[in-house]
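# Breakdown of the fold
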Amino acid sequence: MFRVVFTQHLDKLEAVAARERAEDDFDPEKSRRSERVMGHVYRLLETRGRAAAVDDRAAAQMAAQGIAPDEIAEIAFMLDLMQRQNVAAEKKARLATLVEEVGGEPNPMNLALAQETVYRAFAEANFQSERRHDGVRVEIEKTIADILKDHAEAPRDSVDHAESRLVVAPLASSPIVVHREAAAETAEGARSEHAAPPADPAPTPSPAKAARTKPLTLDEHPFVVLAEGVIQKNADAKAWDTKSQRQVRQISRLFARLLLEQGVVEFEDIHQKHLGDLDDLFGAVAKSYGRSPRDNHRTLDQLRAIGAAKPPSERGLVAGTVNRHFSFLGQVLAHIRSRGHKLDRDIDMTLMRRKSTERGRTKRGLLTEADADAIFRLAFFTGCAGWKDDELLISGPHVFHRALYFATLMLHYTGARREEICGLSVHDVASVDAVIDGEIQRLHYIKIRTSEIRRIKNLYSERSVVLHPELIRLGFLDYVAAVRALGYEMVFPDLKSPTSSSPLGDRLYDELIDGLHQAIPDAEECKKVIHSMRKSFSNTLKQEGIHSEIRGNIIMGHSGSSCRAVQRSVLWLIG
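It should be emphasised that the depicted structure is a prediction, and the values quoted were computed from it without experimental measurement. (Residues numbered from 1 in each chain as written. Predicted model: local features only at pLDDT ≥ 70, side-chain atom pairs only at ≥ 80, totals over all residues. Heavy atoms only, no water.)

Our next topic: the pairing of strand β5 (residues 463-466). Covered by surrounding structure in β5 are Arg-463 and Val-465 together with Ser-464 and Val-466, the residues of both alternating faces. With four bridges joining them, strand β4 (residues 439-448) and β5 adopt antiparallel strand pairing. Residue pairing for β5: Ile-448 is matched across the bridge by Arg-463. (Buried < 20%, exposed > 50% of the residue type's maximum accessible area, 1.4 Å probe, protein only. Helix = DSSP H or I, 4+ residues; strand = E, 2+ residues; numbered from the N terminus. Pairing = 2+ DSSP bridges.)

Encoded structure:
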């Protein structure tokens, strides 16, 4: 569990650092300080619990470590802010998932241990700032060195020098190393108790194997059967929507087809090698694999042949898709283990994760102020000819309060994801009275959460986002009241198609994309797309000096827990 959480948080911090380094005003010392502060915050939460505070003893201990008084004050501020906004602890559902993924039962004790592990992993990842800013790849703990072996592993020699190769004992509290020969002897001794007698050339088949009298069909393969159990479990819990269920079913059946191709039927015969073979298959198929329903019925040889006929640029799944597939497979394997089936304990899904070959900041272009001004001068904002698609970009007398109008405005003023806005319920628009500068003020906000209409990207995305006064001035609250009075559950019912189950944001995309290209002639060349609104919003927060943890966790919903938009950090959004 520590390995998974640590590497995920480390990757996130390294991605943030990469984005920051691309800025002209990048200050590495400021970034180091910010990471140190959050490292100490998570360390206090780990050792003192979610009610931790920077009291006199904690301040004295940090001062003894050479931490400056102003930095200690910043640690105290960030810790207090996270506690007041209820983001100091992971959600129970997230902790339960982590426990289940390592084959444990999500009981109170294991959840508490998982929370401490998360804090420890977050702290250690933040303290690895030298990796991000100084190019240092030497860790102070052998445990961390083992987890980071993919970053620092030495190349294998053609000659096996046993005396120079070391095996690291996993998850030890202090560095422990064992020479390879000694480790091999220890491992052999541990296996000897269960090994088959040398005189017996073939082990007795398991009852399940002995009972098989005919070749299995794909639907009968145990992996497919158990995968359907995972799908049903998450569907009943409303954790996976129809799209996720379809994706899990697709990758589970593909993996089962590969297992059948190699004659593997029993769970105990699945090894890391088979995950590697699947990764090779991902690299051989066409980049468009999965978009056609016919792919589900093609043989693996047919899929490989289709991929081989494509040019290299059109072959192989992208890193994000591969990582999603392995993430789903990991959940299926955890479910199999939780049902008492024997699985190879050496299977490590984290080894299969790919790093993107394209830097995140180059995937989407930022919108300039001129770009935004041009978008909001389009006819459907200032007056168009009619409701139909071919009339929306023609000047006329009509302004329609619909998804194209308000959803686009909200993407610009909230920085939320496309589906988060398009899938809003009328019950997700709320208000709260808050004391600001000694006066009670009414704040209006939206609640981004999983609902019957749509899911959110992950557990971290649940949050509240305050509404900018411009949205209220333009009549958004009146529009929501009118939609509610008409009996609609959705804030944007015009996005719902009676004949399609495609994401709601796809419909908004279809309506907006032509206008985007009209407003920004070089949009395609400069990679300026609808998602650029979210990226530009995040960049604005950064330029205004909003702390990275508040910017990413609380406002943008990148990671962390939900928050309430009633504190000064969120109040900035409407200033």
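With that settled, the discussion passes to the nonpolar core. Formed by 46 residues in total, the largest nonpolar core has its most connected members in Ile-375, Met-410, Ile-421, Ile-446, Phe-476, Val-491 and Phe-492. Every element with two or more residues in this core is listed here: α19 (379-382), α20 (403-414), α21 (418-422), β4, α23 (476-485) and α24 (504-519). Ranked by size, the runner-up nonpolar core spans 43 residues in total, among them Val-37, Tyr-42, Ile-67 and Phe-537. (Core = buried A, V, L, I, M, F, W, Y, C linked by side-chain atoms within 4.5 Å.)

This part covers the packing of aromatic side chains. What the rule picks out here adds up to 13 aromatic pairs. With centroids separated by 5.1 Å and ring planes inclined at 70 degrees, the aromatic side chains of Tyr-42 and Phe-122 adopt a geometry described as edge-to-face. Of this pair, Tyr-42 sits in helix α2 (residues 28-48) while Phe-122 sits in helix α6 (residues 108-127), and the two are 80 residues apart along the sequence. Given a relative accessible area of 12%, Phe-122 falls into the buried group. These aromatic residues form a ring-pair network of at least three members: Phe-376, Phe-380, Phe-381, Tyr-405, Phe-406, Phe-476, Tyr-479 and Phe-492. Directly above the ring of Trp-387 sits Arg-402, whose terminal nitrogen or CZ lies 4.0 Å from the centroid. (Phe/Tyr/Trp six-rings, centres within 6.5 Å; stacked < 30°, edge-to-face > 60°. Lys NZ or Arg CZ within 6 Å of the ring centre and 35° of its normal.)

Time to look at the pattern of salt bridges. Counted according to the given criterion, the structure contains 30 salt bridges. Across the pair Arg-48 and Asp-55 runs a salt bridge, and its minimum N-O distance is 3.0 Å. Taking relative accessible area as the criterion, Arg-48 reaches 31% and is therefore assigned partly exposed. Looking at Asp-55, the relative accessible area reads 36%, which means it is partly exposed. Three or more residues are tied together by salt bridges with common partners; here these are Glu-29, Arg-32, Arg-33, Arg-36, Asp-70, Glu-71 and Glu-74. (Salt bridge = Lys/Arg side-chain N within 4 Å of Asp/Glu carboxyl O.)

Let us look at α6. Helix length check: α6 (20 residues) gives 29 Å between terminal C-alpha atoms against 28 Å at 1.5 Å per residue, within 8%. All buried positions along α6 are accounted for by Leu-111, Ala-114, Gln-115, Thr-117, Val-118, Tyr-119, Ala-121, Phe-122, Ala-123, Glu-124, Ala-125 and Asn-126. (Expected span 1.5 Å × (residues − 1).)

Contact geometry of helix α13 (residues 242-261) with helix α14 (residues 272-284) gives a least axis separation of 10 Å together with a crossing angle of 110 degrees. What the angle tells us is that α13 and α14 run roughly perpendicular. Both α13 and α14 take part in a crossing whose hand is right-handed. Within the contact between the two elements, α13 uses Ile-251, Leu-254, Phe-255, Leu-258 and Leu-259 and α14 uses His-274, Leu-275, Asp-277, Leu-278, Leu-281 and Phe-282. Here the residues of the contact of α13 with α14 are counted per class, giving nine nonpolar, one polar and one charged. (Axes fitted to C-alpha atoms, helices over the stretch in contact; angles between N-to-C directions. Parallel < 35°, antiparallel > 145°, perpendicular 65-115°, else oblique. Left-handed = near helix turned anticlockwise from the far one by under 90°. Contact = heavy atoms within 4.5 Å. Nonpolar A, V, L, I, M, F, W, Y, C, P; charged D, E, K, R; others polar.)

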